Amino acid sequence: MQANRITLIYVLLMTLVVVASNIFVQYPLPGTLFGISLGDILTFGAFTYPVAFLVTDLTNRQFGPRTARKVVVAGFAVAIVFSFAVASPRIAIASGTAFLLGQLLDISVFNKLRRQTWWRAPLVGSLVGSALDTLIFFSIAFAPAFVVLGPNEPFAIEHAPVLGLFAAEAQRWISWAITDFGVKLLMGLVMLLPYGALMSTLKPMPAAEKASA
């Protein structure tokens, strides 16, 4: 019963993170930094979504990959419904596809590395999963090639200096994707702090130890 309650908490946390990220990714950061327009390179969603990898990794550590996949699928199913309610269908499809594939890749990598140094599995898993997630999400959500899934966002496909720095120009969503992944790299390091702090509390169950053998 306790395991079921903890699993439910993980599912609820996952749902909250994905729904919040689906909302925040539609809002570019305001203001400027060193003369760079932040709205040209970054959205608020970059700061919330990496928490999903923390939830997945803690589930994987405590209960093993099978339960982690169940949490991901359950969180995906619930979150996608809410996503269609709070975001455009195209954003919801992009988010759901990127989320599912990125998280499943994270689980696979984490499980292969879980017996190595404590930080390696969560860090490498989240970074590899984030790379796939970023590529899939921004391509489907904003690239003109995916217009069949919904209208293009005019601001996203307008040309602007790459990362707001270079003379070369590209559609804004490309700079968003590059910067988003950069933030995810940073957040992947930051998420090691709560992961490390919770290691002594959320110890692997026997099933998780068996799965990693």
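Residues numbered from 1 in each chain as written. Predicted model: local features only at pLDDT ≥ 70, side-chain atom pairs only at ≥ 80, totals over all residues. Heavy atoms only, no water.

**Let's talk about the overall build of the protein chain**
What counts here: Only runs of H or I of at least four residues qualify as helices and only runs of E of at least two qualify as strands under DSSP, and these elements are numbered from the N terminus. Each radius of gyration is computed over the set of C-alpha atoms, and the globule rule expresses the reference value as 2.2 Å times the number of residues to the power 0.38. Categorising residues by exposure relies on relative accessible area from a 1.4 Å probe, with only protein chains included: less than 20% of the type maximum marks a residue as buried, more than 50% marks it as exposed, and the intermediate range marks it as partly exposed. Should any heavy atoms of two residues lie within 4.5 Å, those residues are counted as being in contact. Shrake-Rupley sampling with a 1.4 Å probe provides the accessible areas, and residues are treated as covered by the protein chains on show and by no other component. A positive count includes Lys and Arg, and a negative count includes Asp and Glu. His and the chain ends are not counted in either. To locate a charge, take NZ of a lysine, CZ of an arginine, CG of an aspartate or CD of a glutamate.
Looking only at helices and strands, the protein chain features ten helices and four strands. Ordered by position from the N terminus, the helices and strands of the protein chain form the series α-β-β-α-α-α-α-α-α-β-β-α-α-α. The C-alpha atoms of the protein chain give a radius of gyration of 18 Å, which matches the 17 Å a tight globule of 213 residues would have. Principal-axis analysis of the C-alpha atoms places the extent of the protein chain at approximately 55 × 35 × 25 Å. Residue burial in the protein chain is summarised as follows: out of 213 residues, 49% are buried. Of the contacts formed within the protein chain by residues at least 6 apart in sequence, a portion of 72% connects residues at least 24 apart. In the form shown here, the protein chain has an accessible surface area of approximately 10,300 Å², with 72% of it arising from carbon and sulfur atoms. One way to put it: in the protein chain the 14 positive side-chain charges average out to a point 20 Å from where the 9 negative ones average out.

**What about the side chain of T56?**
Mapped onto the elements of the fold, T56 is located in helix α3 (residues 51-63). For T56, a relative accessible area of 1% puts it in the buried group. Sequence-distant contacts of T56, defined by excluding residues within four places in its chain, comprise M14, A68, V72, Q103, D106 and I107.

**Some points on helix α8 (residues 172-190)**
Cut-off, in case you're wondering: An expected span of 1.5 Å times one less than the residue number is assigned to each helix.
Here α8 contains 19 residues, and its C-alpha end-to-end distance of 27 Å stays within 8% of the 27 Å for a straight helix at 1.5 Å per residue. Turning to α8, its buried residues are R172, W173, S175, W176, A177, T179, D180, V183, K184, M187 and G188. Packed against the buried residues of α8 are α2 (45-48), α6 (120-142), α7 (154-157), β3 (159-161), β4 (169-171) and α9 (192-198).

**Details of the packing of helix α4 (residues 65-86) against helix α5 (residues 89-113)**
How we decide: Axis definition: a line fitted to C-alpha atoms, over the contacting stretch in the case of helices. Angles run 0 to 180 degrees between N-to-C directions. An angle below 35 degrees is read as roughly parallel, one above 145 as roughly antiparallel, one from 65 to 115 as roughly perpendicular, and any other as oblique.
Interhelical geometry of α4 versus α5 gives an angle of 170 degrees and a closest axis separation of 10 Å. In terms of axis orientation, α4 runs roughly antiparallel to α5. Each of P65, A68, R69, V72, V73, G75, F76, I80, S83 and F84 in α4 lies in contact with α5, whose residues at this interface are P89, A92, I93, G96, F99, L100, Q103, L104, I107 and N111.

**Re the environment of L101**
Tracing the sequence through the fold places L101 in helix α5. Dropping the residues within four chain positions of it, L101 is found in contact with L132 and I136.

**A look at the environment of I157**
With respect to the element layout, I157 can be found in helix α7. Measuring from C-alpha to C-alpha, the distance between I157 and Q171 comes to 4.7 Å, with 14 residues separating the pair along the chain. The residues touching I157, leaving out its near neighbours within four places in the chain, are F142, P144, N152, Q171 and W173.

**Section: the nonpolar core**
For the record, the criterion: To define a nonpolar core, start from buried Ala, Val, Leu, Ile, Met, Phe, Trp, Tyr and Cys residues and group those joined through side-chain atoms within 4.5 Å.
Counting 36 residues, the largest nonpolar core has Y10, M14, L42, A52, L58, F99 and Y195 as its most contacted members. When contributions to this core are tallied by element, the ones reaching two or more residues are α1 (2-24), α3, α4, α5 and α8. It is α1 that provides the largest number of residues to this core, a total of seven residues. F138, F142, W173 and W176 belong to the second-largest nonpolar core, a separate cluster that totals 16 residues.

**Examining the packing of aromatic side chains**
Going by this rule: Each Phe, Tyr or Trp ring, with Trp reduced to its six-membered ring, pairs with another whose centre is within 6.5 Å; inter-plane angles below 30 degrees give stacked pairs, above 60 give edge-to-face pairs, and intermediate values give tilted ones. In our convention, an over-ring charge means Lys NZ or Arg CZ found within 6 Å of a ring centre and within 35 degrees of that ring's normal.
Counted according to the given criterion, the structure contains ten aromatic pairs. With a centroid separation of 5.1 Å and an interplanar angle of 90 degrees, the aromatic rings of F137 and F138 are classed as edge-to-face. The exposure class of F138 is buried, given its relative accessible area of 2%. When the ring of F138 is compared with that of F142, the centres are 5.9 Å apart and the planes differ by 40 degrees; the resulting orientation is tilted. Within this pair, F138 and its partner F142 are both found in helix α6, separated by four residues, close to a single helical turn. For F142, a relative accessible area of 6% gives the class buried. A connected cluster of aromatic rings, assembled from ring pairs, spans F137, F138, F142, F155 and W176. Against the face of F155 rests R172, its NZ or CZ located 4.0 Å from the ring centre.

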